[in-house]
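Below, each chain spelled out in residue letters.
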Amino acid sequence: MIRMLLQCEDAYFVNAFSNYASLNCPTIEFVCFTTVDRAREYLAGSSLRLDAVLGSQELLDQVNRPKTARFLVSDQTVYSDEEAIRINIYQSGTAIISDIKSALALSGGDLFRTGGRNVHVVAGYSVQGGSGKSVLSYALAAAAARAGKQALYISLDPFPALGQLYEHNFSSSIDDLLFALKGSRDLAPVVLDTLERNMDQVMVLPPFHFAGDLLSLTQEELERLIRVLVEKTDLEYIFIDLPTGLQPMNLWVLEQCTTVMQVYTDDMAGRERMLRVDQDVYFKNLPIHGQILTVLNQSRQKTPEDGIDMKIPRSESLQQGRRVADVQERNPAFLKSCTDLLQVLA
């Protein structure tokens, strides 16, 4: 177990967060104080191992334990600060703990190695345009977030249509991430600073400004990005929405995923494409190491079929362009199908 000292002058926050963490974060033991003097007395008088301190700048300046990581209480989480990693305490308890775990992972040593847990990296993929894979990929991320899981949605489509998926005003830009991928900077802090949590509690990355920026990424750069997301974050699900087709970028990502989710519409056109892919020698010989799931979308019948892992019911609201989270709120059958598919992924 990790032992961490938390010092903040906001007594209400310290009490509320301490209670929340004791119930929801068994891997970290928090020792909490409101004043610098009390925290300093603990540091001076305790011989117990202390892995990290989250507190004011005044306290951090007085921490003389070389093996103890130091994080600054702030109103914004920043991982790439040269002085100290900053943790935003003015957010949900889940988000605070997620940020702390990512900070611990960045601190090195044996503090918190996220790579030891089971991270589901899922590619939403199809050779059929209009299959609904983007909506379904985001719907799964939103369903995971509803269940209290840490989930990320990334679109690698050069021309994404995000309006039906979520609304979010990004405070960060994809530019820093692109520069870090192309250069020699430490990638992990930049990735963590670029990730943002939207109103559905789904982690998202800002969209690429131009198709050329996205298409310029190499296989090595994409592998680095996925590796950092798996090893240096608290994510449990990573949903990568791929563009339609068999372009090289898709093939590179498919190799890195734990699950490839093939999506087709449950109609004549979708089933024909599904059959062609299933019989295609080239696709069968692709170096895909994860499981391959076949999903029929916009289905009018629930009858199980061999070779079909899940049927997603047709939603008129989605067809009319309603936001995904709103449909999940109003349509229990659609939400249940997403939850059931998450169980299959696990």
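An account of the accompanying structure is given in this report. Worth saying up front: this structure is predicted, and the values here are computed from it rather than measured.

Comments concerning the layout of surface pockets
Here's step 1: Counted as a void, the largest pocket has a volume near 510 Å³.
Here's step 2: Lining the largest pocket are 25 residues, and of these T77, D99, L192, L195 and E196 sit closest to its centre.
Here's step 3: Those elements that provide at least two residues to the lining of the largest pocket are α4 (93-106), α7 (187-194) and β8 (196-197).
Here's step 4: With four residues, the single largest contributor to the lining of the largest pocket is α4.
Here's step 5: A breakdown of the residues in the lining of the largest pocket according to their chemical character gives seven nonpolar, 12 polar and six charged.

Quick look at the pattern of salt bridges
Here's step 1: On inspection of all chains with the given rule, the structure shows 15 salt bridges.
Here's step 2: Its salt-bridge partner being D37, residue R40 comes within 2.4 Å of it at the nearest N-O pair. Of this pair, R40 and D37 both sit in helix α2 (residues 36-45), separated by three residues, roughly a single helical turn.
Here's step 3: With a relative accessible area of 44%, D37 lands in the partly exposed category.
Here's step 4: Residues joined by salt bridges that share partners form a network here, namely D266, R271, E305 and K311.

Section: the sheet that holds strand β3 (residues 52-55)
Here's step 1: If you walk across this open sheet you meet the five strands as β2-β1-β3-β4-β5, and the pairing is parallel. Both outer strands of the open sheet, β2 (28-33) and β5 (85-88), are each paired with one neighbouring strand and no more. Direction aside, neighbouring strands of the sheet carry axes that sit 25° apart on average.
Here's step 2: In this structure, β3 lies alongside strand β4 (residues 69-74), joined through four bridges in parallel fashion.

Let's talk about the packing of helix α6 (residues 174-182) against α7
Here's step 1: Relative to each other, α6 and α7 sit at 165°, their axes nearing to 9 Å. With respect to their mutual orientation, α6 and α7 come out roughly antiparallel. In this structure, α6 crosses over α7, and the sense of that crossing is left-handed. On α7, the residues touching D176, L177, A180 and L181 of α6 are L187, V190, V191 and T194.
Here's step 2: Considering only residue class, the contact of α6 with α7 consists of six nonpolar, one polar and one charged.

What to know about the sheet that holds strand β9 (residues 203-204)
Here's step 1: Judged by pairing direction, the sheet is mixed, and its eight strands sit side by side in the order β8-β9-β7-β10-β6-β11-β12-β13 without closing on themselves. Across the chains shown, the open sheet's two edge strands, defined by having one partner strand only, are β8 and β13 (310-313).
Here's step 2: Against the sheet, helix α11 (residues 268-279) engages β11 (259-265), β12 (291-299) and β13, with an angle of about 140° to β11.

Regarding the environment of V228
Here's step 1: Checked against the element boundaries, V228 lands in helix α9 (residues 219-231).
Here's step 2: Judged by relative accessible area, V228 falls into the buried class, the value being 12%.
Here's step 3: The spacing of V228 and H120 is 108 residues in sequence and 14 Å in space, taken between C-alpha atoms.
Here's step 4: Each residue touching V228, except ones within four places of it in the same chain, is listed here: L187, A188, V191 and T233.

A few points about the packing of aromatic side chains
Here's step 1: Taken as a whole and judged by the stated rule, the model has seven aromatic pairs.
Here's step 2: Centre to centre, the rings of F13 and F17 are 5.6 Å apart; their planes meet at 20°, and the pair counts as stacked. Remark: F17 and F13 occur in helix α1 (residues 11-24); sequence separation between them is four residues, near one turn of the helix.
Here's step 3: Note on F17: relative accessible area 4%, which makes it buried.
Here's step 4: Measuring from ring centre to ring centre gives 5.2 Å for F17 and F30, while their planes differ by 80°; the resulting arrangement is edge-to-face. Taken together, the positions of F17 in helix α1 and F30 in strand β2 put the pair 13 residues apart, joining distant regions of the chain. Grouping residues by exposure puts F17 and F30 together as buried.
Here's step 5: Every member of this aromatic cluster is reached through a ring pair, and the members are F13, F17 and F30.

Remarks on the side chain of R3
Here's step 1: With respect to the helices, strands and loops of the structure, R3 is situated in strand β1 (residues 2-7).
Here's step 2: In this structure the side chain of R3 is engaged in a polar contact, spanning 2.8 Å, whose partner is the backbone oxygen of R49.
Here's step 3: Those residues within four positions of R3 in sequence are excluded, and the remaining contacts are E29, V31, Y42, L48, R49, L50, D51 and A52.

Regarding the state of the cysteines
Here's step 1: Applying the stated criterion across every chain yields a total of zero disulfides.
Here's step 2: Not engaged in a disulfide, the cysteine C8 finds its nearest cysteine sulfur in C32; these two sulfurs lie 9.9 Å apart.
Here's step 3: According to the relative accessible area criterion, C8 is buried, its value standing at 7%.
Here's step 4: Take C257: it sits in no disulfide, and the sulfur closest to it among the cysteines is that of C338, at 19 Å.
Here's step 5: The buried category is assigned to C257, whose relative accessible area is 4%.

Digging into the side chain of N297
Here's step 1: With respect to the element layout, N297 can be found in strand β12.
Here's step 2: You can call N297 buried: its relative accessible area is 8%.
Here's step 3: Excluding anything up to four places from it in sequence, N297 contacts S131, G132, V263, Y264, T265, D266 and I312.

Analysis parameters
- Residues numbered from 1 in each chain as written.
- Predicted model: local features only at pLDDT ≥ 70, side-chain atom pairs only at ≥ 80, totals over all residues.
- Heavy atoms only, no water.
- 1 Å grid on protein atoms, 1.4 Å probe; cavity = no way out; pocket = protein on both sides within 12 Å on 5 of 7 lines; lining within 4 Å.
- Points joined across faces, edges and corners; volume = space filled by probe spheres on them.
- Helix = DSSP H or I, 4+ residues; strand = E, 2+ residues; numbered from the N terminus.
- Nonpolar A, V, L, I, M, F, W, Y, C, P; charged D, E, K, R; others polar.
- Salt bridge = Lys/Arg side-chain N within 4 Å of Asp/Glu carboxyl O.
- Buried < 20%, exposed > 50% of the residue type's maximum accessible area, 1.4 Å probe, protein only.
- Pairing = 2+ DSSP bridges.
- Axes fitted to C-alpha atoms, helices over the stretch in contact; angles between N-to-C directions.
- Parallel < 35°, antiparallel > 145°, perpendicular 65-115°, else oblique.
- Left-handed = near helix turned anticlockwise from the far one by under 90°.
- Contact = heavy atoms within 4.5 Å.
- Phe/Tyr/Trp six-rings, centres within 6.5 Å; stacked < 30°, edge-to-face > 60°.
- Polar contact = N/O pair within 3.5 Å; in protein donor to acceptor, adjacent residues only side chain to side chain.
- Disulfide = S-S within 2.5 Å.

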